[in-house]
Amino acid sequence: QVQLVESGGGLVQAGGSLRLSCAASGRTFSSYVMGWFRQAPGKEREFVAAISWSGGSTYYADSVKGRFTISRDNAKNTVHLQMNSLKPEDTAVYYCAADIDPVAYEDPYEYDYWGQGTQVTVSS
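So, here is what we can say about the structure in this document.

On to the side chain of Thr-78. Structurally, Thr-78 is set in strand 8 (residues 78-83). With sequence-adjacent residues up to four places away left out, Thr-78 is seen in contact with Cys-22, Ala-23, Phe-29, Arg-72 and Asp-73.

On strand 11 (residues 118-123), burial follows the alternation: Thr-118, Val-120 and Val-122 on one face are buried, whereas Gln-119, Thr-121 and Ser-123 on the facing-out side are not. Here four bridges tie strand 2 (residues 10-13) to strand 11, and the two strands are oriented parallel to one another. Across the sheet, Val-12 pairs through a bridge with Val-122, a residue of strand 11. As judged from the three bridges shared by strand 9 (residues 92-99) and strand 11, these two strands associate in the antiparallel manner.

Once that is clear, we can look at the nonpolar core. Core analysis: the largest hydrophobic core is formed by 35 residues, its most contacted members being Met-34, Trp-36, Leu-81, Met-83 and Tyr-94. Broken down by secondary-structure element, the contributors of at least two residues to this core are strand 3 (18-24), strand 4 (33-39), strand 5 (46-51), strand 7 (68-73), strand 8, strand 9 and strand 11. Aside from chain neighbours lying at most four places away, what touches Leu-81 is Leu-18, Arg-19, Leu-20, Trp-36, Val-48, Ala-49, Phe-68, Thr-69, Ile-70 and Tyr-94.

On to the pattern of salt bridges. If charged atoms from side chains of opposite charge come close, those side chains can pair. Counted under the stated rule, the structure contains four salt bridges. Because the salt bridges share partners, they merge into one network encompassing Arg-38, Glu-46, Arg-67 and Asp-90.

As a further point, take the sheet that holds strand 1 (residues 4-7). Strand order across the open sheet formed by four strands is 1-3-8-7, with antiparallel pairing between neighbours. Lying at the two open borders of the sheet, with one neighbouring strand each, are strand 1 and strand 7. Averaged over all neighbouring strand pairs, the angle between strand axes comes to 15°, with direction disregarded. As paired strands, strand 1 and strand 3 are joined by four bridges and run antiparallel to one another. Bridging from a neighbouring strand, Ser-7 pairs with Ser-21 of strand 3.

As a further point, take the environment of Asp-107. Along the chain, the position of Asp-107 falls in the loop between strand 9 and strand 10 (113-114). Between the C-alpha atoms of Asp-107 and Glu-46, which are 61 residues apart in sequence, the distance is 8.1 Å.

It is a general feature of regular strands that their side chains alternate between the two faces of the sheet. Burial analysis of strand 5 places five of its six residues in the buried class, the great majority of the element. Across five bridges, the pairing between strand 4 and strand 5 is antiparallel. Considered in strand 5, the bridge of Met-34 is made with Ile-51. Between strand 4 and the antiparallel strand that follows it, strand 5, lie six residues; Gly-42 among them carries a positive phi value of about 80°. Pairing geometry for strand 5 and strand 6 (residues 58-60), over three bridges, is antiparallel. From the neighbouring strand, Ala-50 faces strand 6, where its bridge partner is Tyr-59. With antiparallel pairing between neighbouring strands as the criterion, strand 5 and strand 6 make up a hairpin whose turn holds six residues, including Gly-55 at a positive phi of roughly 85°.

Quick look at the environment of Leu-86 now. Here Leu-86 is to be found in the loop between strand 8 and strand 9. In the structure, Leu-86 is positioned 81 residues away from Val-5 in sequence and 22 Å away in space, judged by C-alpha atoms. The residues touching Leu-86, leaving out its near neighbours within four places in the chain, are Val-12, Ala-14, Gly-15, Gly-16, Ser-17, Leu-18, Arg-67, Phe-68 and Val-122.

Definitions and cut-offs
Residues numbered from 1 in each chain as written. Predicted model: local features only at pLDDT ≥ 70, side-chain atom pairs only at ≥ 80, totals over all residues. Heavy atoms only, no water. Helix = DSSP H or I, 4+ residues; strand = E, 2+ residues; numbered from the N terminus. Contact = heavy atoms within 4.5 Å. Buried < 20%, exposed > 50% of the residue type's maximum accessible area, 1.4 Å probe, protein only. Pairing = 2+ DSSP bridges. Core = buried A, V, L, I, M, F, W, Y, C linked by side-chain atoms within 4.5 Å. Salt bridge = Lys/Arg side-chain N within 4 Å of Asp/Glu carboxyl O. Axes fitted to C-alpha atoms, helices over the stretch in contact; angles between N-to-C directions.

Function cannot be read off these values alone, since they describe shape.
In structure tokens, the structure reads:
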């Protein structure tokens, strides 16, 4: 079992930055692939970024590539999402997710554990 708690969301102007954090419980955090997803009102949940258990591999949605960076600290059971050059279309609830071995890292249905989400609002 893994419990996930996100933090760091807020209101920011376009072009600004935010850093989301996800704190995980459990002694086996380093065994999990971690992902970030987002969901805007009226839209489906979409993949943002994922990171392998070691942190050696990272994956990004095309819409955030070059602007967002995912990282993890296995000693502190945390994963972060650094978001730069934010755009109004980045506005959404952002969710942290975990799974031992997702077949497709970009598919939300592959992830067993989810946080409660944190709101990110980017004003124009």
